[in-house]
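What follows is the residue order along each chain.
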Amino acid sequence: MIDNAVRDVFLEESKELLDTLDSDIVRLETSPDQDVMNRVFRSVHTLKGGSGIAGYDQVYEFTHGLENLLDLVRKGETQINAAMITLLLRSLDWIRQAVAAADGEECDIAVKEALQRDINACIGEVSAVKAGGTHDEKPRIIVPGKTDAHGNRYYHIRCAFNEDIFLRGIDPLMIMEDLRRLGTFIQRKINKKDVPNFDSLDPEKCYFSWEVVLKTEHTIEKVYEVFLFVHDDNDIVIRDITENYDPDSADARIAEKRIGEILLGKGVITENELNDVLNEQDQKNAKLGDLVVSKGYATEKDVEHALVDQEKIKKKIETGTVRVDTAKLDNLLNLLGEIVIGQSAISRLADDMSEEQSFMLKNALYGMERTTREFQEQLMSIRMIPIGPSFEQFRRFVRDVSHSLNKEIYLEIEGQDTELDKTVIERISDPLKHMIRNAIDHGIESPETRAGAGKPKSGKITLRAYHQEGNVFIEVSDDGGGIDRKEVRAKAEALGLVKHGEEIADAKLLQFLFLPGFSTTSQVGELSGRGVGMDVVKNNIESLRGSVEIETREKIGTTFRVKLPLTLAIIEGMLIRVGKSIFILPMLSIVESIRPRKEDVQTVEKKGELIRVRGEYAPLVRLYEIFGIESEHHNPWESLVVIVESAGVRLGIMIDELVGQQQIVIKSLDTAITNSRSVSGAAILGNGQVALILDVHGLLSEIMS
Amino acid sequence: MRYIAIIDDSPTMRASVMLTLKPFGYNVLQAQHGAEGLDVIQKAIAEGHEIALAICDINMPVLDGIGFINEFRKFDKFTPILVLTTESEQATIQKGKQAGASGWLIKPFKPDELIQSVERLIR
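Residues numbered from 1 in each chain as written. Chains lettered and ligands numbered in written order. Predicted model: local features only at pLDDT ≥ 70, side-chain atom pairs only at ≥ 80, totals over all residues. Heavy atoms only, no water.

### A look at the nonpolar core
Then, in step 1: Formed by 101 residues in total, the largest nonpolar core has its most connected members in Ile157(A), Phe161(A), Leu179(A), Phe227(A), Leu21(B) and Ile55(B).
Then, in step 2: A per-element tally of this core places helix α4 (residues 82-100) of chain A first, with nine residues.
Then, in step 3: Residues from two domains meet in this core; each of domain 1 (4-132) and domain 2 (140-320) of chain A gives at least three.
Then, in step 4: Ile425(A), Ile428(A), Leu432(A) and Ile550(A) belong to the second-largest nonpolar core, a separate cluster that totals 45 residues. (Core = buried A, V, L, I, M, F, W, Y, C linked by side-chain atoms within 4.5 Å. Buried < 20%, exposed > 50% of the residue type's maximum accessible area, 1.4 Å probe, protein only. Helix = DSSP H or I, 4+ residues; strand = E, 2+ residues; numbered from the N terminus. Domains from an automatic or database assignment.)

### Things to note about unusual backbone geometry
Then, in step 1: Look at the link from Lys107(B) to Pro108(B): it is a cis peptide, with omega at -10°.
Then, in step 2: With respect to the helices and strands, the residue Pro108(B) is situated in the loop between β5 (103-107) and α5 (111-121).
Then, in step 3: Phi at Asn406(A) is positive, roughly 55°, even though this residue is not glycine.
Then, in step 4: With respect to the helices and strands, the residue Asn406(A) is situated in the loop between α14 (388-404) and β6 (409-414).
Then, in step 5: Of note in the backbone geometry, Val62(B) takes a positive phi value of approximately 60° without being a glycine.

### Structural notes on the confidence of the model for chain A
Detailed reading of the predicted coordinates is not advisable wherever pLDDT is low.
Residues and elements named next belong to chain A.
Then, in step 1: Summary statistics for chain A give a mean pLDDT of 80 and a share of 88% for residues scoring 70 or more.
Then, in step 2: The least confident element of chain A is helix α8 (residues 247-265), whose mean pLDDT is 60; the most confident is strand β13 (residues 581-586), at 91.
Then, in step 3: Long-range and interchain partners of residues 522-532, a stretch whose pLDDT sits below 50, account for 20 contacts in this model, where long-range means more than four residues apart. (pLDDT = per-residue confidence, 0-100. Contact = heavy atoms within 4.5 Å.)

### Let's talk about the packing of α14(A) against helix α15 (residues 422-443) of chain A
All names here are of chain A.
Then, in step 1: Between α14 and α15, the shortest axis-to-axis distance is 11 Å and the interhelical angle comes to 30°. The angle between the axes of α14 and α15 places the two elements in the roughly parallel class. Read as a crossing pair, α14 and α15 show a hand that is right-handed. Each of Ser390, Phe391, Gln393, Phe394, Phe397, Val398, Val401 and Ser402 in α14 lies in contact with α15, whose residues at this interface are Ile425, Ser429, Leu432, Lys433, Ile436, Arg437 and Ile440.
Then, in step 2: In terms of residue class, the contact of α14 with α15 is built from nine nonpolar, four polar and two charged. (Axes fitted to C-alpha atoms, helices over the stretch in contact; angles between N-to-C directions. Parallel < 35°, antiparallel > 145°, perpendicular 65-115°, else oblique. Left-handed = near helix turned anticlockwise from the far one by under 90°. Nonpolar A, V, L, I, M, F, W, Y, C, P; charged D, E, K, R; others polar.)

### Some thoughts on the pairing of strand β10 (residues 547-553) of chain A
All names here are of chain A.
Then, in step 1: Only one face of β10 is buried: it carries Val548, Ile550 and Thr552, and the other face, with Ser547, Glu549, Glu551 and Arg553, is open.
Then, in step 2: Pairing of β10 with strand β11 (residues 557-565), which is carried by seven bridges, proceeds in the antiparallel orientation. Looking across to β11, one finds that Ile550 is bridged to Phe560.
Then, in step 3: If you look at the hairpin formed by β10 and β11, you'll find three residues sitting between the two strands, and Lys555 has a positive phi there, around 70°. (Pairing = 2+ DSSP bridges.)

### What to know about the sheet that holds strand β17 (residues 616-622) of chain A
In any sheet, the strands associate via hydrogen bonds between backbone groups, in a parallel or an antiparallel arrangement.
Residue and element names in this part refer to chain A.
Then, in step 1: Taken in spatial order, the six strands make up an open sheet running β14-β18-β19-β17-β16-β15, and their pairing is mixed. Each of the sheet's edge strands pairs with one partner strand only, and the pair in question is β14 (590-594) and β15 (601-604). Neighbouring strand axes in the sheet, compared pairwise and without regard to direction, differ in orientation by 35° on average.
Then, in step 2: Judged from the four bridges that link them, β14 and strand β18 (residues 640-646) form a sheet pairing that is antiparallel. Along β18, the bridge assignment pairs Ile594 with Val641.
Then, in step 3: Contacts between helix α21 (residues 696-704) and the sheet are confined to β17, β18 and β19 (649-655), with β19 contributing the most and set at about 95° to the helix.

### Some thoughts on the interface of chain B and chain A
Then, in step 1: Each partner contributes residues to the interface: chain B has 41 residues there, and chain A has 38 residues.
Then, in step 2: Surface buried jointly by chain B and chain A totals about 3,300 Å² across both partners, of which 57% is contributed by carbon and sulfur atoms.
Then, in step 3: Per-residue buried area on chain B facing chain A is highest for Thr12(B), Arg120(B) and Arg123(B); these three make up 22% of the total on that side.
Then, in step 4: Along the contact surface separating chain B from chain A lie one salt bridge.
Then, in step 5: Along the contact surface separating chain B from chain A lie seven residue pairs in polar contact (both at pLDDT 80 or more).
Then, in step 6: Those elements giving two or more residues to the side of chain B that touches chain A turn out to be α1 (11-21), β4 (81-86), α4 (90-99), β5 and α5 of chain B. (Buried area = accessible area lost by both parts, 1.4 Å probe. Salt bridge = Lys/Arg side-chain N within 4 Å of Asp/Glu carboxyl O. Polar contact = N/O pair within 3.5 Å; in protein donor to acceptor, adjacent residues only side chain to side chain.)

### Considerations on the packing of aromatic side chains
Two aromatic rings are characterised by how far apart their centres lie and by the angle between their planes.
All names here are of chain A.
Then, in step 1: Here the structure, examined in full by the defined rule, presents 11 aromatic pairs over all chains.
Then, in step 2: Measuring from centroid to centroid gives 4.8 Å for Phe62 and Trp94, while their planes differ by 50°, and the two rings are tilted. Placement of Phe62 in helix α3 (residues 57-74) and of Trp94 in helix α4 is noted, with a sequence separation of 32 residues between them. Across the pair, exposure class does not vary: Phe62 and Trp94 are buried alike.
Then, in step 3: Taken together, a centroid distance of 6.4 Å and an interplanar angle of 65° make the contact between Phe394 and Phe397 edge-to-face. Placement of the pair is Phe394 and Phe397 together in helix α14, with a separation of three residues, close to one helical turn.
Then, in step 4: For Phe394, a relative accessible area of 1% puts it in the buried group.
Then, in step 5: Each member of the aromatic cluster is reached from another via a ring pair, and the members are Phe161, Phe208 and Trp210. (Phe/Tyr/Trp six-rings, centres within 6.5 Å; stacked < 30°, edge-to-face > 60°.)

### Some thoughts on the side chain of His33(B)
Residue and element names in this part refer to chain B.
Then, in step 1: Among the secondary structure elements, His33 is positioned in the loop between β2 (27-31) and α2 (34-46).
Then, in step 2: We classify His33 as buried; its relative accessible area is 16%.
Then, in step 3: The contacts of His33, once residues within four sequence positions are left out, are Ile7, Met60, Pro61, Val62 and Leu63.

### Focus on the pattern of salt bridges
All names here are of chain A.
Then, in step 1: The full count for this structure, using the stated rule, is 45 salt bridges over all chains.
Then, in step 2: Between Asp194 and Lys193 there is a salt bridge, with its nearest N and O atoms 3.9 Å apart.
Then, in step 3: Judged by its relative accessible area of 45%, Asp194 is partly exposed.
Then, in step 4: On the accessibility criterion, Lys193 (65% relative accessible area) is exposed.
Then, in step 5: Note that Glu475 is salt-bridged to Arg464, the shortest N-O span being 2.5 Å. With a gap of 11 residues between them, Glu475 in strand β9 (residues 471-478) and Arg464 in strand β8 (residues 459-468) connect regions that are remote in the sequence.

### Some details on the environment of Arg577(A)
Residue and element names in this part refer to chain A.
Then, in step 1: Mapped onto the fold, Arg577 is located in strand β12 (residues 570-578).
Then, in step 2: A C-alpha to C-alpha distance of 9.9 Å links Arg577 and Leu623, two positions 46 residues apart in sequence.
Then, in step 3: Once you skip the residues sitting within four places of it in the chain, Arg577 turns out to touch Ile582, Glu632, Ile655, Asp656, Glu657 and Val659.
Then, in step 4: Within the structure, Arg577 has its side chain in polar contact with the side chain of Glu632 (distance 2.8 Å).

### Overview of the sheet that holds strand β3 (residues 209-216) of chain A
Residue and element names in this part refer to chain A.
Then, in step 1: Across the sheet, which stays open at both edges, the four strands sit in the order β2-β3-β1-β4 with antiparallel pairing between neighbours. Strands at the two margins of the open sheet, each flanked by one partner only, are β2 (183-191) and β4 (235-240). The sheet shows a mean angle of 15° between the axes of neighbouring strands, taken without regard to direction.
Then, in step 2: Bridge analysis of β2 against β3 gives eight bridges, and the strand direction is antiparallel. Bridge pairing links Arg188 to Val212 in β3.

Here it is, written out as structure tokens:
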């Protein structure tokens, strides 16, 4: 895919370059101008680079020769003449053809070779005069060094970096890290003798040098590669010392120690006994297992078991990892989606068969569906990473912010092993930060207030993650004073969101806090409390198809609970039908579906059609009007209405039929296809039909505007 | 945000660098020559972004690679710079290093060679 995109860009670029070259070369014929000459050279140079990258190998090779010739002209080592101009122009023509010949197979090799001969002849003439000016590449002979019995090599590496290495943007520690990745350091020495006294120390200079012994499977070439950018102007010495190293005994020793540790861990021997045996082993050079048995600390069986365990541990360590491009995973998921589609197509065919055949086919399909589902879960799990590292970054943040507010707050983290989709983790970070900032600023009281309320002076914020019912929950809790419902109520009344004396559910009242411009703090804090933010937090969470709720208890604290789907690639969707078209509504946003009575539908000026559901009015949407399609029903009281909710606002959607619930693999749509906010993507159904996935949030905001 | 800047007068080269790095999660800024590169980078820094690495061609119009490195190092001493060069320009590697380039990559390169060089310089 990348290759194609690069090819397309190159096609464009080469066209431009060739056109400029055409006119420049013609210009050279009449007036040899150094600037034009340089430009010609640069264009060919760029053409060469581009063709190489875009995979036009023939063009690359050809332009290489052309570039050599032009280089000589540019340096004034040969004069340009009419014959050469013709040759250059014919060369351009060939390049043009070769690039146009799509896959490069059909380009005219005979013409190319003839041109190349001519170009070489031109170069040859000059070179003959100059006599051997080109540099030959030295042949490199690679002799892989010997290894020990386990395929390991040992290198002694001394790296004394230049003092000024940082100024070249290179961090020596990174090089050391790269080195360590090749194997293990079995010896390591950091030389600090060049570090000057503090007053003459320049923090921009590197004073350390390193000396290590690296045990690795790789050849010395590979080790040199680590130093690729630095080895010619820094003092790097690499010696292969595999021969004079005696790895077997050392390795055996490490293994023996582990046996001891395993026995210790199992409680078979005590620490004193282990030390005793290890000491003795140093003198006698015997196997630890034998010693333990001979001393009567353990039975032979114990040692045997320990050996088995040791093998297991070794195997565990050897389990490799592979880094995979996430695009590949997405691709796999997409392909799996296609398989699911294929399955439901087969399942549909089964409906048309005789009962017996249909039963047998469907039975077979059930088994297959189970496997695909498991496959899907496994695939999803690859994209999952633990949230721990993302949580950890907030420690510093909490410390900094609380200090700036003269509060003492510590952050507690729970459930750091909870795994969720990498994309979700990346995108949840900002909303979390905002909620934490809010908790520090508004949630937790000042130390004085806390002391007065009999609480410990320092406050606590807890970040917690856990799995429940196929969702991930992330909580931000504080042990502060809680949210004052009266204040929220007062503010809501002031904004006209709720009437005086009207009953309102607690959860609903607290949801007001997420409305734009809603803030209860009388004092506007420096950090939060300008009423900007919580609505953004909620929007961000909803764009991840999640939701957020607040739980608060006076004097005890507040918890913001974020519910997120495990992944963004698949949703649980409800298929709905309008006329012949199928749409998908995310199950998450569906509240209920009803058949309204005639008197429940009203038209209000400036607000359009409204529908009354359980005493409340919600706007009514006719999908057939929005999408310009046919519908079976045109009166809401004759059709079904699905009530959906986003950000606490409800909406009624008029449909012809509820088709059924299904797991949907989302295919994103290019903005060129639609930039409608009402649609968040598409899916392919079992019968091959394409269904649009409705974005309730977008639908609402489109109606509101 | 952390950005990698690619400064090259060839759109093909820019596209290839960008498309190669993107799937690895790198955000990429583009510029056509040294002067534009400095512009784009300084603008990004002024907006609070961070430049993790600059990748630059040597042979460019307006301000060439060496000129770019010299100017860049005037306001940023430590950010790594990866120079794109060709076999015919081997001598420029030395010049680049003197100016403060961190590493180099010979064109044409394969995607994994680019990734390797980038990861050799930044984490």
